[in-house]
Amino acid sequence: MIGIGLRRVLSEAIIHKKGIAPDFIEFAPENWMGIGGYWRKQLKQVVERYPVFCHGLSLSIGSPEPPDKPFLGALKKFLDEVQAVYYSEHLSFSKVQNAHLYELFPIPFTEEAIKHVVKQIRYVQEVLERPLVIENISYYTAVTPEMDEATFLRAILEESDCLLLLDVNNVYVNAFNHGYDPMAFISALPLERVAYIHIAGHEQVEPSLIIDTHGQPVIAAVYELLEETLKLLPKEVPILLERDFNIPPAEVLQGELNVLKAIKDGVFQKSTATIP
Amino acid sequence: MASFKKVQQQFHDYCRKRINSLDFHVSRKDALPHYPRLVYNIFYYNLLNAYPITATYLGEEWETLVTLFLKKHDCHTHFIWLLPQEFLSFVEDQPYYTDKFPVLLDLMRWEWASLYVQIMQDVEIPSLAQECNSLEAFPFVNPYQQPLLLHYPVFRLSPFEAERHPQKTLLIAYRTEELKSHYLQLHLPQELLLAAYHLLKHLLYHNGKLSLLALSQYIALYLQNKDPLPFTLQLLNVLAEKGLLWGFRKD
């Protein structure tokens, strides 16, 4: 299965399969919860036509304070309503003392943070009554690292018994920015926990720095990294194209979806992806 | 927990308030300034999309105001589409700006209402009768509306022109059942605008749960030497003519 992130500008094309025909759709609950009128109707049509994955933005699983309980309650209701196949969130923090900044910040790679985040993930899974799928984020500096990112991520996944949304573009960005081998990083992860994969474009803003913008086409090196990653996976998983800015016509995005499908089919010999 | 918390607090303060007193190790100091830049851009473009005319009206002060908001205001909403509403509440308490730019609050309220009525959460519409036979009937109005009591005609003049032509106006921004956005200007004597505004707000807050009689009793507080019942009925007639009174609760 090859999917795309739902953006309002694409909703008509996606609903009527005009120029673009993904297998599934992902959207951020925070962009649709509590919204009525025209956009609510559009969302309803999307949900009626496609399997839905939800990708959260504001849970801030790595914040020092516990997740916001009223928000979790509303989120659970929403996930049930849209019959979300998966609910994923970022392994990051985006608020401190309940002040949101709407950006993803890296959690310190420390033992203390692992204990804290594992506790938070368990709590969220319990309240939502579903497994949480955690995404590896892109980051531009590590903060007080006591260990490498792969060790940190692996420990959290295993100790909290949650799933992984493997963002291959983020691995590429981080490997470039922090000078490590992306395949070595991916090989070090518990790949049996990968629920699905994210792919996106990015922007190189300095000779030694890439920013994860989701505003550019996917580059060849990221496609190559995806292909190598798929070869390591024990099973086929859905792949999602993220495009949040500089959104081109639907046909152009379909071109990127076609490339993803060709790569996946090349690796899995057109076997069928499994979703729960 | 202290060190973990402290690191995050400092990082957060650095991004939000540009307080550079980080006393912890980062692997790439050179990349650090990108974080406050990214945060600022999120706030800047989100608010610019919601308040394009306000941004033009304030000129260079727009960026200063956004920076102040980011620095001083703890954003509580999980929903970034509600950020403009928090921004509006913040600006309401900024006398420097509201004094310097007399049209500012009217303009922001109008820009936000125009956006908000389109996305207001759908509500369940009760079973309604079209006729009302008694003062005990419970009127139900279009719930997707925002009454605005404006002091300047920002909805029909540029802010700079509106500044020169102050005029108290009661405007309703609303969306129809066909999901289209509209505005309705209520032409009432100036001395009745405030009462009409409060009546509309009260009616919306208790939509379908207050009788005509109770509404008129409430609005009596705002009317001097005027019978509240005819006033209430007159206003509801206007709403009915414009399709904003949807009926009367049956149960």
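The text that follows walks through the structure, step by step, so that each part is easy to find. Owing to the predicted nature of the structure, the values given are computational and were not obtained by experimental measurement.

What follows concerns the pairing of strand β5 (residues 181-186) of chain B. Residue and element names in this part refer to chain B. Two strands pair when backbone bridges link them, and strand β4 (residues 169-175) and β5 are joined in this way by 6 bridges, in the antiparallel orientation. Within β5, the residue paired with Arg175 across the bridge is Ser181. Following β4, the chain reverses through 5 residues before pairing antiparallel with β5; Leu179 in that reversal takes a positive phi of roughly 70°.

Each partner contributes to the interface: chain B provides 44 residues, whereas chain A provides 49 residues. Carbon and sulfur atoms supply 64% of the area buried between chain B and chain A, which totals about 4,000 Å² over both sides. Area buried by chain B at its contact with chain A is led by Arg28(B), Tyr35(B) and His78(B), which between them contribute 19% of it. Across the chain B-chain A interface, the total number found is 19 residue pairs in polar contact (both at pLDDT 80 or more). Residue assignment for the side of chain B that touches chain A shows that the elements contributing at least two residues are α1 (2-17), α2 (34-50) and α7 (104-119) of chain B. Here the side of chain B that touches chain A takes 11 residues from α1(B), the largest share from any one element.

Before going further, it helps to spend a moment on the sheet that holds strand β1 (residues 128-129) of chain B. One open sheet holds the 3 strands; their spatial order is β1-β6-β2 (chain B), and the pairing between them is antiparallel. Each of the sheet's edge strands pairs with one partner strand only, and the pair in question is β1 and β2 (139-141) of chain B.

Next up on the list: the environment of Pro230(B). Residues and elements named next belong to chain B. Locating Pro230 in the fold gives a position in helix α11 (residues 228-241). Relative accessible area serves as the criterion here: at 44%, Pro230 is assigned to the partly exposed category. In the structure, Pro230 is positioned 10 residues away from Ala240 in sequence and 15 Å away in space, judged by C-alpha atoms.

So, about the pattern of salt bridges. Taken as a whole and judged by the stated rule, the model has 19 salt bridges over all chains. Among the ionic pairs, Arg154(A) bridges to Glu158(A), the shortest N-O distance being 3.3 Å. Taken together, the residues span about one helical turn, with Arg154(A) and Glu158(A) both in helix α5 (residues 149-160) at a distance of 4 residues. The shortest N-O distance in the salt bridge between Asp122(B) and Arg175(B) comes to 2.9 Å. Taken together, the positions of Asp122(B) in the loop between α7 and β1 and Arg175(B) in strand β4 put the pair 53 residues apart, joining distant regions of the chain.

On to the pairing of strand β8 (residues 163-167) of chain A. Residues and elements named next belong to chain A. β8 sits mainly inside the fold: 4 of its 5 residues count as buried. Here 3 bridges tie strand β7 (residues 132-135) to β8, and the two strands are oriented parallel to one another. Along β8, the bridge assignment pairs Val133 with Leu163. Note that the unit made of β7, α5 and β8 has a crossover that is right-handed. Here β8 pairs with strand β9 (residues 194-200) via 4 bridges, running parallel. Note that in β9 the partner of Leu165 across the bridge is Tyr196.

Below, the discussion takes up the packing of helix α10 (residues 212-219) of chain B against α11(B). Residue and element names in this part refer to chain B. Close contact between α10 and α11 brings their axes to 8 Å; oriented N to C, the two are set at 115°. In terms of axis orientation, α10 runs roughly perpendicular to α11. For the crossing formed where α10 meets α11, the hand is right-handed. Counted together, Leu212, Leu215, Ser216 and Ile219 of α10 and Pro228, Leu229, Phe231, Thr232, Leu233 and Leu236 of α11 form the full contact between these two elements. Of the residues assigned to the contact of α10 with α11, the class counts are 8 nonpolar, 2 polar and no charged.

What follows deals with the sheet that holds β8(A). Residues and elements named next belong to chain A. Pairing is parallel around the closed barrel formed by 8 strands, whose spatial order is β1-β2-β3-β4-β7-β8-β9-β12. Taking the axes of each pair of neighbouring strands and ignoring which way they run, one obtains an average angle of 30° across the sheet. Inspection of the sheet shows β9 paired to strand β12 (residues 239-242) by 4 bridges, in the parallel sense. Bridge pairing in β12 links His198 to Leu240. Packed onto the sheet, helix α9 (residues 250-268) meets β1 (2-5), β9 and β12 and runs at close to 145° relative to β1.

The rules behind each value
- Residues numbered from 1 in each chain as written.
- Chains lettered and ligands numbered in written order.
- Predicted model: local features only at pLDDT ≥ 70, side-chain atom pairs only at ≥ 80, totals over all residues.
- Heavy atoms only, no water.
- Pairing = 2+ DSSP bridges.
- Helix = DSSP H or I, 4+ residues; strand = E, 2+ residues; numbered from the N terminus.
- Contact = heavy atoms within 4.5 Å.
- Buried area = accessible area lost by both parts, 1.4 Å probe.
- Polar contact = N/O pair within 3.5 Å; in protein donor to acceptor, adjacent residues only side chain to side chain.
- Buried < 20%, exposed > 50% of the residue type's maximum accessible area, 1.4 Å probe, protein only.
- Salt bridge = Lys/Arg side-chain N within 4 Å of Asp/Glu carboxyl O.
- Right-handed = clockwise from strand over helix to strand, strands pointing away.
- Axes fitted to C-alpha atoms, helices over the stretch in contact; angles between N-to-C directions.
- Parallel < 35°, antiparallel > 145°, perpendicular 65-115°, else oblique.
- Left-handed = near helix turned anticlockwise from the far one by under 90°.
- Nonpolar A, V, L, I, M, F, W, Y, C, P; charged D, E, K, R; others polar.

From the geometry alone we can't say anything about function, so treat these as descriptive.
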